[in-house]
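Letter by letter, the chains look like this.
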Amino acid sequence: MPARKRASLALAALIALAAPAAYADAPSQTRQAELLYRLRQDCGSCHGYTLKGGLGPSLLPTALKGKDDDTLVHVILYGMPGRPMPPWRFEVSRDEAFWLVREMKKGLRDER
Amino acid sequence: MNARTRRSVALCLSFVLFGFAFAGAARAEGTEWRATRGTGDLGLIVERTKGRILIIETTRRSVLKRLGGFGDLSHASAVFSRDQRYAYIFGRDGGLTKVDLVAGRIVERVMQAGNSIGGAISQDGRLVAVSNYKPGGVRVFDAETLKLVADIPAKDEDGNPSKVVGLVDAPGQRFVFSLYDAGEIWIADFAGGTKPKITRYPGIGTLPYDGLITPDGRAYVAGLFGEDGLAKLDLWHPEKGVARILAGYGRGEKKLPVYKMPHLEGWAAADGKLFLPAIGRHELLVVDARSWKQVGRIKVHGQPIFAVARPDGRQIWVNFAHPRNDTLQVIDVATMKIIKEFKPGKAILHMEFTPRGEQVWVSVRDADRVDVYDTRTFERLAAIKAEKPSGIFLSARAHKTGL
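Residues numbered from 1 in each chain as written. Chains lettered and ligands numbered in written order. Predicted model: local features only at pLDDT ≥ 70, side-chain atom pairs only at ≥ 80, totals over all residues.

1. Section: the overall build of chain A
When its secondary structure is counted, chain A shows 5 helices and 0 strands. Reading the helices (α) and strands (β) of chain A from amino to carboxyl end gives α-α-α-α-α. Expressed as a percentage of the 112 residues in chain A, the buried residues total 24%. Contacts spanning at least 24 positions in sequence make up 44% of the contacts within chain A whose residues lie at least 6 apart. (Helix = DSSP H or I, 4+ residues; strand = E, 2+ residues; numbered from the N terminus. Buried ≥ 20, exposed ≤ 12 C-beta atoms within 10 Å, placed from the backbone. Contact = placed C-beta atoms within 7 Å.)

What follows is the structure in structure tokens.
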């Protein structure tokens, strides 16, 4: 195994170990899958199935870059009065909204 | 060999050769496809997440072919050529694809924009128009070759670009559409050829989210997200401008959140009345088709998405937005009562009637299934496997204004 590959493997292992700590409040695996499905299928009604935007704006990493997490979470939970964005707090918790924001900022890696 | 025998030998030979050529062509397709098939009972189902369509027929209720290669088909729709042989499919990613329903293959495909929402085919069948979010506007293509004929960027009076929604065809070789951000209705008149004459109607209201044209092609109506009311343009008298109808239909009540925008296309006209999804209310609005005054409202299960009339006008079928999208309701127009409620599965996205209304095809996205119901007995006639099905489009649309 070349040194570079070993290093990247080690890095991957480190990230994998670190991940649970970074996501202490992350939803369960089942819930994560559910949230991503909802994000693509139902948020996708306005933002597009690929999240590149439709009647609503793009939710791709480039579009969300630099936007404040708390603001985005607030928009998810409470919607935007006067605009079509509805409040989702009836089925998405605060922690889940934070998790979604982080996932969207990284770019979704689920299998479509 | 005399001249007559020679002629008949030549004739026989040419028949044989023609036969071989024909058989060869049929074999080349590699399927049971026959050039002689009629297309009046054909249609297609969109598999939104896989970029595929199913070509279906409604006589035996079967899938004839699954075709891929359409790109992003979330929120895809289709129109049909006037001979009902070709379907034009509008993808979300700006793809415009022409499909030969008889041969079961893609014949033309262009990427015409970055982000698009739907399209229409002209009265004479020679132009296909696509409405785009990005770059906002309408692009018009030759229906035969898909070559660009006209580009109509949609900008408000200050030059700000706008998303285009509610694009329909209208009599007189016109297309009508609405500008979501700008709050305008535009008519693009192609009667003079390929250079359209544009008429703009600014200030029609806040955030028009979709539009429709009445089945006779006379009235264009835009639904407004930003206010209680709709904007109506009489295409017999376009010089009179746009009028507000159903102003304040919510009577000041607080609006409920809308988890999916209603669709106005395929709206319900029955018994001299029109049935429209209210926005932000769990109701259908009932409008007198002559006076355009509200004559009633019907409480329904959730935020209505589609309210479509069975072709004979006796029933209205309604589906709903998330999270109440597991239910279908049927309204009897004679009594204005809900006579049937189904729960076929989660995410009922679309309903399409056969041309004479004896069947309705219903896509149940989360169940990966399209159900076919008898509209008289409500018995389920068939369940067709389809992966995340959304729109269902039957070729009978070819002969209907606005569809």
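2. Some thoughts on the overall build of chain B
Regarding its fold elements, chain B presents 1 helix and 32 strands. A compact globule built from 403 residues would reach a C-alpha radius of gyration of about 22 Å, and chain B, at 23 Å, matches this within 12%. By principal-axis analysis of the C-alpha atoms, chain B measures approximately 95 × 50 × 35 Å. Considering chain B as a whole, with its 403 residues, one finds that 49% of them fall into the buried category. Within chain B, residue pairs in contact and separated by at least 24 positions form 42% of the contacts whose partners lie at least 6 positions apart. (Rg over C-alpha atoms; globule rule 2.2 N^0.38 Å.)

3. Points about the environment of B:Ala334
Residues and elements named next belong to chain B. Take Ala334: it is sitting in the loop between strand 26 (328–332) and strand 27 (337–342). The exposure class assigned to Ala334 is exposed, which follows from the 12 C-beta atoms found within 10 Å. The sequence separation of Ala334 and Gln359 amounts to 25 residues, and the corresponding C-alpha distance is 20 Å.

4. Details of unusual backbone geometry
Residues and elements named next belong to chain B. Of note, the bond from Lys134 into Pro135 is cis; its omega dihedral lies within 30 degrees of zero at -10 degrees. Structurally, Pro135 is set in the loop between strand 9 (127–134) and strand 10 (136–142). For the bond running from His322 to Pro323, omega is 0 degrees, close enough to zero to count as cis. Tracing the backbone shows Pro323 in the loop between strand 25 (315–320) and strand 26. If you check the backbone angles, Gln84 has positive phi at about 60 degrees while not being a glycine. Structurally, the position occupied by Gln84 is in the loop between strand 4 (77–80) and strand 5 (86–90). The phi dihedral of Lys388 falls on the positive side, at around 40 degrees, and the residue is not glycine. Here Lys388 lies in the loop between strand 31 (380–385) and strand 32 (389–394). Residue class for Lys388 comes out buried when judged on the 23 C-beta atoms lying within 10 Å of it.

5. Some details on the confidence of the model for chain B
For chain B, per-residue confidence averages 90 on the pLDDT scale, and residues scoring 70 or more make up 91% of the total. Note on the complex model: pTM 0.87, ipTM 0.81. (pLDDT = per-residue confidence, 0-100.)

6. Observations concerning the nonpolar core
Counting residues in each nonpolar core, the largest one holds 121 residues, and the members touching the most others are B:Leu44, B:Val138, B:Ile185, B:Leu284 and B:Ile316. Setting aside anything within four residues of it in sequence, one finds B:Leu44 in contact with B:Ile53, B:Leu54, B:Ile55, B:Ile56, B:Ala78, B:Ala87 and B:Phe393. Listed in part, the 11 residues of the second largest apolar core include A:Ile76, A:Trp88, A:Trp99 and A:Met104. (Core = buried A, V, L, I, M, F, W, Y, C linked by C-beta atoms within 7 Å.)

7. Looking at the pairing of strand 27 of chain B
All names here are of chain B. Of all the 6 residues making up strand 27, 0 are buried; the element is thus mostly uncovered. Inspection of the sheet shows strand 26 paired to strand 27 by 5 bridges, in the antiparallel sense. Across the sheet, Val330 pairs through a bridge with Lys340, a residue of strand 27. Linkage of strand 26 to strand 27, two consecutive antiparallel strands, is achieved through a turn of 4 residues, within which Met336 is found at a positive phi near 60 degrees. (Pairing = 2+ DSSP bridges.)

8. Examining helix 5 (residues 94–106) of chain A
Residue and element names in this part refer to chain A. Spanning 13 residues, helix 5 covers 19 Å between terminal C-alpha atoms, matching the ideal 18 Å at 1.5 Å per step. Where the residues of helix 5 are buried, they touch helix 2 (29–47), helix 3 (61–64) and helix 4 (69–78). Just downstream of helix 5, Gly107 is the residue with a positive phi angle, here 100 degrees. (Expected span 1.5 Å × (residues − 1).)

9. Re the pairing of strand 14 (residues 184–189) of chain B
Across a regular strand the side chains alternate sides, sitting on one face of the sheet and then on the other. Residue and element names in this part refer to chain B. Where burial is concerned, most of strand 14 is hidden: 5 out of the 6 residues are buried. In this sheet, strand 14 lies alongside strand 13 (residues 174–179) in antiparallel orientation, the contact comprising 6 bridges. Bridge pairing in strand 14 links Ser178 to Ile185. Hairpin connection from strand 13 to strand 14: 4 residues lie between these consecutive antiparallel strands, with Gly183 at a positive phi of about 70 degrees.

10. Side note on the sheet that holds strand 29 (residues 359–364) of chain B
Residue and element names in this part refer to chain B. In spatial order, the strands read 28-29-30-31; together these 4 strands make up an open sheet with antiparallel pairing. If you trace the sheet from one side to the other, it starts and ends with strand 28 (348–353) and strand 31, each paired once. Here the average twist between neighbouring strands, direction ignored, is 20 degrees. Both strand 30 (residues 369–374) and strand 31 contribute to a ladder of 5 bridges, which runs antiparallel. Bridge pairing in strand 31 links Val372 to Ala382. (Axes fitted to C-alpha atoms, helices over the stretch in contact; angles between N-to-C directions.)

11. Some details on the sheet that holds strand 11 (residues 148–153) of chain B
All names here are of chain B. As summarised here, the arrangement of the 4 strands in space is 8-9-10-11, forming an open sheet in which the pairing is antiparallel. At either margin of the open sheet sits one strand with a lone partner, and together these are strand 8 (115–121) and strand 11. Each strand of the sheet is rotated relative to its neighbour by a mean of 20 degrees, with strand direction disregarded. Sheet topology note: the strand 9/strand 10 ladder contains 7 bridges and is antiparallel. Within the sheet, the bridge partner assigned to Ala129 lies in strand 10 and is Val140.

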